[in-house]
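# Observations on the model geometry
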Amino acid sequence: MAIGTANNGNELTVQIEGRFDFSAHQEFRDAYEKAGSDINSYIIDMRNATYLDSSALGMLLLLRDHAGGDSAKVRITNCNADVRKILTISNFEQLFSID
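Described in the following lines is the structure provided in the data block. (Residues numbered from 1 in each chain as written. Predicted model: local features only at pLDDT ≥ 70, side-chain atom pairs only at ≥ 80, totals over all residues. Heavy atoms only, no water.)

As a further point, take the overall build of the protein chain. Each helix and strand counted, the protein chain has 3 helices and 5 strands in total. From first element to last, N terminus to C terminus, the protein chain shows the α and β order β-β-α-β-α-β-α-β. In summary, the protein chain has a C-alpha radius of gyration of 12 Å against a globular reference of 13 Å for 99 residues, a match within 12%. Referenced to the eigenvectors of the C-alpha coordinate spread, the extents of the protein chain come out at roughly 35 × 25 × 20 Å. Here the protein chain holds 99 residues, and the buried ones make up 40% of them. Sequence separation of at least 24 residues holds for 64% of the intrachain contacts in the protein chain that already meet a minimum separation of 6. A total accessible area of about 5400 Å² is found for the protein chain, and carbon and sulfur atoms account for 45% of it. (Helix = DSSP H or I, 4+ residues; strand = E, 2+ residues; numbered from the N terminus. Rg over C-alpha atoms; globule rule 2.2 N^0.38 Å. Buried < 20%, exposed > 50% of the residue type's maximum accessible area, 1.4 Å probe, protein only. Contact = heavy atoms within 4.5 Å. Areas by Shrake-Rupley, 256 points an atom, 1.4 Å probe, with all protein chains shown as cover.)

The tally for this structure, following the rule as stated, stands at 5 salt bridges. For D21, the salt bridge identified is with R19, shortest N-O distance 3.3 Å. Judged by relative accessible area, which is 12%, D21 ranks as buried. With relative accessibility at 45%, the residue R19 sits in the partly exposed group. (Salt bridge = Lys/Arg side-chain N within 4 Å of Asp/Glu carboxyl O.)

Under the defined criterion, the tally for this structure stands at 3 aromatic pairs. Consider the rings of F28 and Y32, whose centres lie 5.6 Å apart with planes at 75°: the pair is edge-to-face. In this pair, F28 and Y32 both sit in helix 1 (residues 25-33), 4 residues apart, roughly one turn of the helix. By relative accessible area, F28 is classed as buried at 1%. An angle of 20° between the planes, with centres 5.3 Å apart, marks the rings of F92 and F96 as stacked. The pair formed by F92 and F96 is uniform in burial state, with each residue classed as buried. A cation sits over an aromatic face here: R19 above Y51, 4.1 Å from the ring centre. (Phe/Tyr/Trp six-rings, centres within 6.5 Å; stacked < 30°, edge-to-face > 60°. Lys NZ or Arg CZ within 6 Å of the ring centre and 35° of its normal.)

Quick look at unusual backbone geometry now. Positive phi is not limited to glycine here, since N78 has a value of about 55°. A positive phi angle, close to 60°, is found at N91, a residue other than glycine. Within the secondary structure, N91 is located in the loop between helix 3 (81-89) and strand 5 (97-98). Look at N91 and you get partly exposed, because its relative accessible area is 39%.

Here we take up helix 1. Taken as a whole, helix 1 has its buried residues at H25, F28, A31 and Y32. Take helix 1 and look down its axis: the buried residues cluster within an arc of 135°, on one side only. (Arc of directions from axis to C-beta.)

The subject of this paragraph is the nonpolar core. Residues F20, F28, I44, M46, L60 and L87 are the most contacted members of the largest nonpolar core, which totals 30 residues. Where this core is concerned, the elements lending two or more residues are strand 2 (11-20), helix 1, strand 3 (41-52), helix 2 (54-66), strand 4 (74-77) and helix 3. (Core = buried A, V, L, I, M, F, W, Y, C linked by side-chain atoms within 4.5 Å.)

The subject of this paragraph is the side chain of R64. Position of R64 among the secondary structure elements: in helix 2. Among residues more than four places away in sequence, those in contact with R64 are G69, D70, A72, V74, L95 and F96.

Shown next as structure tokens:
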């Protein structure tokens, strides 16, 4: 798994590549915790994600908490059919903007 980031002032984009599972926990957490205090919205780009498991769902929830909980601006984008199905089954569309 690889994570790339782009910090555009107030918005951080985290690009997930390959398997998004527990092995990515520290790298994913570092990506948003070390981005700076000016960040107020987050984009999780799943364009190159091939798999995610329950620990990835937990990491997304931790990001949501970090970003402000119910007032968080977190978008999950470019999901393939398998990733979208997992997010839908988990009712994540109620917690995140998914497109």
